[in-house]
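Listed below are the residues making up each chain.
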Amino acid sequence: SVGVYGYSVGGRYSTTAAMKPTKGAEVKAAVICAGGTSAGVKQINSGAPPTLLIHAEDDGVVNYKGSVDMQAKFKEMGLKSELVLFKKGGHNPISGSSGNRDEFEAKTKVFLEKYLGVAPPPALVEEVE
């Protein structure tokens, strides 16, 4: 099973990888953090894998409404997705100082176990501040 995780511009790349899989390496789950955009909405198709979108409402780099719009498109198409919006966290809503890290790790663990059958490694995200 293949899963992708992307943060910020990596989230955009992960969206592209998930929505246009390579034969033999179909993405079974995607986690997009602070990278949901209007371009991402346009990439969503009926073959999209279950996707977990994570964003902070006070992100000053990538507007969180891109993630909200992606979630709406997934729902409109009847696809599996979850949206986690944090009130605070800026462009790095999962940093230790944001206060969101534990919730992020718990939700990501449950999501990946559900769709990939495995838990993420303990250090899924390195601290970047």
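Residues numbered from 1 in each chain as written. Predicted model: local features only at pLDDT ≥ 70, side-chain atom pairs only at ≥ 80, totals over all residues. Heavy atoms only, no water.

*Asks:* Could you give me a rundown of the side chain of Thr 15, with the residues and numbers involved?
*Replies:* Among the secondary structure elements, Thr 15 is positioned in helix α1 (residues 9-19). In this structure, Thr 15 is in contact with Ile 32, Gly 40, Gln 43 and Met 70, ignoring residues within four places of it in sequence. (Helix = DSSP H or I, 4+ residues; strand = E, 2+ residues; numbered from the N terminus. Contact = heavy atoms within 4.5 Å.)

*Asks:* So what about α1? Which residues, and what values?
*Replies:* Within the span of α1, buried status applies to Gly 11, Ser 14, Thr 15, Ala 18 and Met 19. Along the long axis of α1, the arc covered by the buried residues comes to 120 degrees, so they all point the same way. (Buried < 20%, exposed > 50% of the residue type's maximum accessible area, 1.4 Å probe, protein only. Arc of directions from axis to C-beta.)

*Asks:* Explain the packing of aromatic side chains residue by residue, including any values.
*Replies:* This structure, assessed with the given rule, holds two aromatic pairs. A ring pair is formed by Phe 111 and Tyr 115, whose centres lie 4.9 Å apart and whose planes are at 55 degrees; its orientation type is tilted. Of this pair, Phe 111 and Tyr 115 are both found in helix α4 (residues 101-116), four residues apart, which corresponds to roughly one turn of the helix. (Phe/Tyr/Trp six-rings, centres within 6.5 Å; stacked < 30°, edge-to-face > 60°.)

*Asks:* So what about the pattern of salt bridges? Which residues, and what values?
*Replies:* On inspection of all chains with the given rule, the structure shows five salt bridges. Taking the shortest distance from any N to any O, the salt bridge between Lys 73 and Glu 76 comes out at 3.6 Å. One end of the pair, Lys 73, and the other, Glu 76, are both in helix α3 (residues 65-76), three residues apart, so they sit about a helical turn from each other. (Salt bridge = Lys/Arg side-chain N within 4 Å of Asp/Glu carboxyl O.)

*Asks:* A description of the pairing of strand β2 (residues 27-33) should follow, citing residues and the corresponding values.
*Replies:* When you tally the buried positions in β2, you get six out of seven residues, the bulk of the element. The pairing of β2 with strand β3 (residues 51-56) spans four bridges and is classified as parallel. Considered in β3, the bridge of Val 31 is made with Leu 52. Of the crossover connections in this fold, the one passing from β2 over helix α2 (residues 38-43) to the parallel β3 is right-handed. (Pairing = 2+ DSSP bridges. Right-handed = clockwise from strand over helix to strand, strands pointing away.)

*Asks:* Provide a residue-level description of unusual backbone geometry, including the pertinent values.
*Replies:* If a residue is not glycine, its phi is most likely negative; likewise, a peptide bond is most likely trans. With a phi angle near 60 degrees, Ser 8 is a residue other than glycine that sits in the positive phi range. Residue position: Ser 8 is located in the loop between β1 (2-7) and α1. Taking the relative accessible area as the measure of exposure, Ser 8 reaches 17% and is therefore buried. Its identity as a non-glycine residue notwithstanding, Ala 34 has a phi of 55 degrees, on the positive side. Inspection of the secondary structure assignment puts Ala 34 in the loop between β2 and α2.

*Asks:* Go over the sheet that holds β2, please, and point to the residues and values.
*Replies:* Remark on secondary structure: sheet strands pair via backbone hydrogen bonds, oriented parallel or antiparallel. Strand order across the open sheet formed by four strands is β1-β2-β3-β4, with parallel pairing between neighbours. Unpaired on one side and paired on the other, β1 and β4 (81-86) mark the two borders of the sheet. Adjacent strand axes in the sheet meet at a mean angle of 10 degrees, parallel and antiparallel pairs treated alike. Packed on one face of the sheet, α4 meets β1, β2, β3 and β4 and runs near 165 degrees to β2. (Axes fitted to C-alpha atoms, helices over the stretch in contact; angles between N-to-C directions.)

*Asks:* Go over the nonpolar core, please, and point to the residues and values.
*Replies:* Counting residues in each nonpolar core, the largest one holds 14 residues, and the members touching the most others are Val 31, Leu 52, Ile 54, Phe 111 and Leu 112. When contributions to this core are tallied by element, the ones reaching two or more residues are β2, β3, β4 and α4. Considering every element that reaches this core, the biggest residue donor is α4, with four residues. Not counting chain neighbours up to four residues away, the residues in contact with Leu 52 comprise Ala 30, Val 31, Ile 32, Glu 82, Val 84, Lys 107, Thr 108 and Phe 111. (Core = buried A, V, L, I, M, F, W, Y, C linked by side-chain atoms within 4.5 Å.)

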